[in-house]
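This is what each chain is made of:
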Amino acid sequence: MIIAIDGPAGSGKGTITDIIAKKLNLVNIDTGATYRCIALATLKNNIKLDEKDKIIELAKKQEIIMDENKNVFLNGKDVTKEIRTKEVTKIVSQISSIVEVRKILVDLQRNMANGKNVILEGRDITTVVFPNADYKFYLDATADVRAMRRFKQNKEQNIDMTLKEIKENIEKRDYNDMHKPVGALRRTEDQIYIDSTNMTIDEVAKKIIGYIRGDEEK
Ligand code: DC
């Protein structure tokens with residue numbers, strides 16, 4: 001079974017996906033983390049964002065592994081925390097707009113899912129990575145609510161960013177995510193649309209599980 005969830009930054013996809021993966025015993029693949037790994041490698045190798053060829057060559061050589069607890073390993077090193085830093089977050093959207101990088105990572109994401117019952121979240125899962133997924137959701141919320149959620153989440157993880165910084169970053173990422181030449185975040189007729197602005201995490205998770213179990217009408 002393949003369950004695909006797309007949506008903008010801070011829409012709650014990550015948290016919701018974690019909950020559903022545990023409840024339905026699915027392997028959870030965080031596709032954003034794969035882009036974050038290439039962003040981190042770009043920074044570590046002192047490659048500039050306009051040096052696209054170098055970034056593409058670099059992307060081909062990286063080994064990205066995710067364990068069942070969503071720990072992320074880049075070339076054998078645990079980078080679970082490092083890929084969430086301000087520096088990585090700032091450039092990841094630009095990295096993810098490089099078409100060749102997307103091709104490499106989409107292949108990787110499909111391989112990660114191969115032969116398993118999975119839930120994947122990202123921006124182009126319902127449209128590009130698994131357009132034939134069994135269930136496709138688009139999770140949304142207003143930019144203000146998404147910024148506040150990220151702010152609280154960052155505090156818990158000791159990531160130091162102001163609410164203003166986060167909101168600006170989210171709005172910039174929304175624009176980039178929705179205007180990519182390939183793999184842009186977009187709504188389609190066959191996604192189940194959920195606006196979580198006024199919903200708790202548990203309510204959203206319940207709703208999605210309801211659809212999967214067939215208690216909710218599409
Ligand atoms: O979900 P996230 O914030 O960890 O995603 C990091 C970046 O990667 C974000 O700017 C969008 C991009 N991304 C993407 O282009 N396609 C995906 N399937 C997942 C993430």
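Quick summary incoming for the structure in this document. Predicted model only: the values in this text are computed from it and were never measured. (Residues numbered from 1 in each chain as written. Predicted model: local features only at pLDDT ≥ 70, side-chain atom pairs only at ≥ 80, totals over all residues. Heavy atoms only, no water.)

## Some words on the sheet that holds strand β3 (residues 64-66)
Here comes step 1: Taken together, the three strands give an open sheet; going across it, the order is β3-β4-β5, and neighbouring strands pair in antiparallel fashion. Every interior strand has two partners, whereas the edge strands, β3 and β5 (77-78), have only one.
Here comes step 2: Sheet topology places β3 next to strand β4 (residues 72-74); three bridges connect them, and they run antiparallel. The residue bridging M66 from the neighbouring strand is V72, located in β4. (Pairing = 2+ DSSP bridges. Helix = DSSP H or I, 4+ residues; strand = E, 2+ residues; numbered from the N terminus.)

## Some points on the pattern of salt bridges
Here comes step 1: Considering all chains together, one arrives at 15 salt bridges under this definition.
Here comes step 2: Where K136 meets D190, a salt bridge forms, and the shortest distance between an N and an O atom there is 2.9 Å. Remark: D190 occurs in the loop between α8 (163-178) and β8 (192-195) and K136 occurs in strand β7 (residues 135-140); sequence separation between them is 54 residues.
Here comes step 3: Taking relative accessible area as the criterion, D190 reaches 48% and is therefore assigned partly exposed. (Salt bridge = Lys/Arg side-chain N within 4 Å of Asp/Glu carboxyl O. Buried < 20%, exposed > 50% of the residue type's maximum accessible area, 1.4 Å probe, protein only.)

## Some remarks on the packing of aromatic side chains
Here comes step 1: Scanning the entire structure with this criterion turns up two aromatic pairs.
Here comes step 2: We note R187 situated over the ring of Y193; from NZ or CZ to the ring centre the distance is 3.6 Å. (Phe/Tyr/Trp six-rings, centres within 6.5 Å; stacked < 30°, edge-to-face > 60°. Lys NZ or Arg CZ within 6 Å of the ring centre and 35° of its normal.)

## With respect to the site of the ligand
Here comes step 1: Among the 16 residues in the neighbourhood of the ligand, the closest are listed as R36, R102, D124, R173 and K180.
Here comes step 2: The separation between an oxygen atom of the ligand and a polar side-chain atom of R123 is 3.0 Å.
Here comes step 3: D124 is positioned such that a nitrogen or oxygen atom in its side chain is 2.9 Å from a nitrogen atom of the ligand.
Here comes step 4: Burial of the ligand by the protein chains amounts to 97% of its free accessible area of 450 Å².
Here comes step 5: When residues of the shell around the ligand are traced back to their parent elements, those giving at least two are α2 (31-44), α4 (86-95) and α8.
Here comes step 6: The greatest single-element share of the shell around the ligand, amounting to four residues, is contributed by α2.
Here comes step 7: Across the shell around the ligand, the residue classes break down as three nonpolar, five polar and eight charged. (Near = heavy atom within 4 Å. Polar contact = N/O pair within 3.5 Å; in protein donor to acceptor, adjacent residues only side chain to side chain. Areas by Shrake-Rupley, 256 points an atom, 1.4 Å probe, with all protein chains shown as cover. Nonpolar A, V, L, I, M, F, W, Y, C, P; charged D, E, K, R; others polar.)

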